[in-house]
Amino acid sequence: MNKTAKIKKNHQFIVFQKLVIVSILIGFLSAFLGISLKKITEYYEEIFFHEVSVNPIYYVIFPAFGLSVIYFLRQYLFKKKENKGIKEVFESTKTKKNLPSYKIPSHFINGLLTVIFGGSTGIEVSTVVATATIGSVAHEKENVFRKYKTELICAGVAAGVTALFSSPIAGILFALEVISRKVTRAFIISNVIAVSIAFGLLSILKEEPLFAVSITTWHLKAIPYFILLGILAGMNSVYLTRCVLFFKSQFGKIDTHYYKILIGSVVLSVSLFIFPQLYGEGYHAIKAIFSNSSQIPLTVTLALTFIGILILKPIVTSITLASGGDGGVFAPSLFIGAFLGLLLASILNTFFHVNVIPVNFMIIGMAAVLSASIHAPFTAIFLVCGLTNDYTLFLPILVVCLISKYTAKMIYPHTVYTYSPSLIK
């Protein structure tokens, strides 16, 4: 009896050792992939965005070229398979189906091409699926990992999100709230190790926060307006979700892919020409309004511009994805939240003279729309705090994220990750 217990204990220790080693490997590879994709995308997006600013003719050329290259790569290099985004990860964790290794270069390359050529989405979902695939491939290599498939996929995802947003807690919470939805001992071990490696790599490379923002304080008198922001964020997130579902279903009825590319390119070109802020993931526009938020006087023209951006962004994002672009709702949610927060703060200050702090509303708006879009409030809180490397607004962000999530669920209970075609009305 003692001998049997000893053998069992030795076996568990060997499994634990192997789990630690593979988690270190997944963490490093996923972080390396996430950091590489982020750096390359930032570099080329800046170059291409400068080109379209100087020569507006590129507003016509870039979207058509980008979507066409993605299509030909899918046809002739990536086995003619459409990328389904995070739904692929869900399918893999719930079934015996594994994520094939070609998903790593497929999402990496297609996510990069989508954003740098103006596709109005982000690289976050491309990173999530590619890093989930790293975890899936690792689980196939050893028989002892067969029962840890979800945990290893989550480890890859958590490390990838950590690499993008410099927040290990956001990485683990995203893996938990969106992918796994349950905590096991193997989940804790593999994910903590993976994000630690990812964060260590970020520290070695001295990665700066994405947004350099100075947050000084927040006031209790702003709480009613924060609540209003949470409700508006929930409504905007539902609009984004329904747009994505609607346009994907409509484009799904078009048999000839060239027509999808043609329609997508025309809509993108016109939209980008009118509102250059919609180019790519839109972080350049968020940085610009962060730096000028306190000096921007609200005029009729500016208000109409903000409203136009809020109406058009979900449509352009949806058409980018429906016409073959790679990406998801992460970056669009942050973008919409920043502009929504600034618009609300500007209206309150201009017409009601309440003197709220615009930058606070932008940051809280980013977290609120993301929380409502993916139904993951705690991920949104730590992700946005990680983006700014500041936790001053933690409490109002927590409250507003919960309000926005439940507002969105009351209006429409599904996200772009959880719907099935039968649910589209």
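Residues numbered from 1 in each chain as written. Predicted model: local features only at pLDDT ≥ 70, side-chain atom pairs only at ≥ 80, totals over all residues. Heavy atoms only, no water.

J.: Could you give an account of the overall build of the protein, with specific residues and numbers?
T.: Broken down by element type, the protein carries 16 helices and 0 strands. For a compact globule of 425 residues, the expected C-alpha radius of gyration is about 22 Å, and the protein comes in at 22 Å, within 12% of that figure. Taken along the three principal axes of its C-alpha coordinates, the protein extends 80 × 55 × 45 Å. Residue burial in the protein is summarised as follows: out of 425 residues, 57% are buried. Once local pairs closer than 6 in sequence are excluded, the contacts in the protein between residues at least 24 apart make up 82%. (Helix = DSSP H or I, 4+ residues; strand = E, 2+ residues; numbered from the N terminus. Rg over C-alpha atoms; globule rule 2.2 N^0.38 Å. Buried < 20%, exposed > 50% of the residue type's maximum accessible area, 1.4 Å probe, protein only. Contact = heavy atoms within 4.5 Å.)

J.: So, empty space enclosed by the protein: which residues are in play, and what are the values?
T.: Under the counting rule described, the total for this entry stands at 4 cavities of 30 Å³ or more. Its volume calculated, the largest cavity comes out at about 90 Å³. As for the largest cavity, its lining consists of Lys38, Thr41, Glu42, Ile123, Glu124, Leu164, Phe165, Leu210, Glu281 and Tyr283. Among the secondary structure elements, those contributing two or more residues to the lining of the largest cavity are helix H1 (2-54) and helix H6 (149-165). Sorting elements by how many residues they give to the lining of the largest cavity places H1 first, with 3 residues. (1 Å grid on protein atoms, 1.4 Å probe; cavity = no way out; pocket = protein on both sides within 12 Å on 5 of 7 lines; lining within 4 Å. Points joined across faces, edges and corners; volume = space filled by probe spheres on them.)

J.: Give me the lowdown on helix H12 (residues 300-322), citing residues and values where you can.
T.: Its 23 residues give H12 an end-to-end C-alpha distance of 33 Å, which sits within 8% of 33 Å, the value for a rise of 1.5 Å per residue. The sharpest bend along H12 comes to roughly 35 degrees, located at Leu312, with the proline Pro314 sitting one to four residues further on. Where H12 terminates, the next one or two residues include Gly324, which has phi positive at roughly 115 degrees. (Expected span 1.5 Å × (residues − 1). Bend = angle between axes of the 7 residues up to and from the residue.)

J.: Provide a residue-level description of the domain arrangement of the protein, including the pertinent values.
T.: In terms of domain boundaries, the protein breaks down into domain 1 (7-205) and domain 2 (220-411). Taken together, the 44 residues of domain 1 in the interface contact 42 residues of domain 2. Taken together, both faces of the contact between domain 1 and domain 2 bury some 3,500 Å²; the carbon and sulfur share is 63%. Looking only at domain 1, the three residues that lose the most surface to domain 2 are Tyr59, Leu67 and Ser120, adding up to 20% of its buried area. Between domain 1 and domain 2 we count 1 salt bridge in total. A salt bridge links Asp326 to Arg74; its shortest N-O distance comes to 3.5 Å. Inspection of the domain 1/domain 2 interface yields 20 residue pairs in polar contact (both at pLDDT 80 or more). Looking at the side of domain 1 that touches domain 2 element by element, the count peaks at 11 residues for helix H2 (residues 58-76). (Domains from an automatic or database assignment. Buried area = accessible area lost by both parts, 1.4 Å probe. Salt bridge = Lys/Arg side-chain N within 4 Å of Asp/Glu carboxyl O. Polar contact = N/O pair within 3.5 Å; in protein donor to acceptor, adjacent residues only side chain to side chain.)

J.: Which residues make up the nonpolar core, and what values go with them?
T.: Core analysis: the largest hydrophobic core is formed by 139 residues, its most contacted members being Phe174, Leu383 and Tyr417. Element by element, the count of residues in this core is highest for helix H13 (residues 330-351), at 13 residues. Among the domains, domain 1 (7-205) and domain 2 (220-411) are the pair contributing at least three residues each to this core. Non-local contacts of Phe174, meaning those with residues more than four positions away in its chain, are made with Ile86, Val128, Val157, Val161, Ile179, Phe330, Ile374 and Thr379. (Core = buried A, V, L, I, M, F, W, Y, C linked by side-chain atoms within 4.5 Å.)

J.: Residue-level account of the packing of aromatic side chains, with values.
T.: One pass over the full model with this rule turns up 25 aromatic pairs. With a centroid separation of 6.3 Å and 15 degrees between ring planes, the pair formed by Phe28 and Phe32 is classed as stacked. Here Phe28 pairs with Phe32, and both are found in helix H1, just 4 residues apart, close to one helical turn. Relative accessible area serves as the criterion here: at 40%, Phe28 is assigned to the partly exposed category. (Phe/Tyr/Trp six-rings, centres within 6.5 Å; stacked < 30°, edge-to-face > 60°.)

J.: Summarise helix H4 (residues 103-116); cite the residues concerned and give the values.
T.: Over its 14 residues, H4 runs 20 Å from end to end, which matches the ideal 20 Å to within 8%, given 1.5 Å per residue. The element H4 is largely enclosed, with a buried count of 11 among its 14 residues. Three or more residues of H4 are buried, namely Lys103, Ser106, His107, Phe108, Asn110, Gly111, Leu112, Leu113, Thr114, Val115 and Ile116. After H4 finishes, the residue Gly118 shows a positive phi value of roughly 100 degrees.

J.: With reference to specific residues and values, describe the pattern of salt bridges.
T.: Counted according to the given criterion, the structure contains 5 salt bridges. Two residues, Lys38 and Glu207, come together in a salt bridge whose shortest N-O distance is 3.4 Å. Note that Lys38 is positioned in helix H1 and Glu207 in the loop between helix H8 (185-204) and helix H9 (223-251), a separation of 169 residues in sequence. For Lys38, a relative accessible area of 9% translates into the label buried. A salt bridge links Glu88 to Lys103; the nearest nitrogen and oxygen atoms lie 2.3 Å apart.

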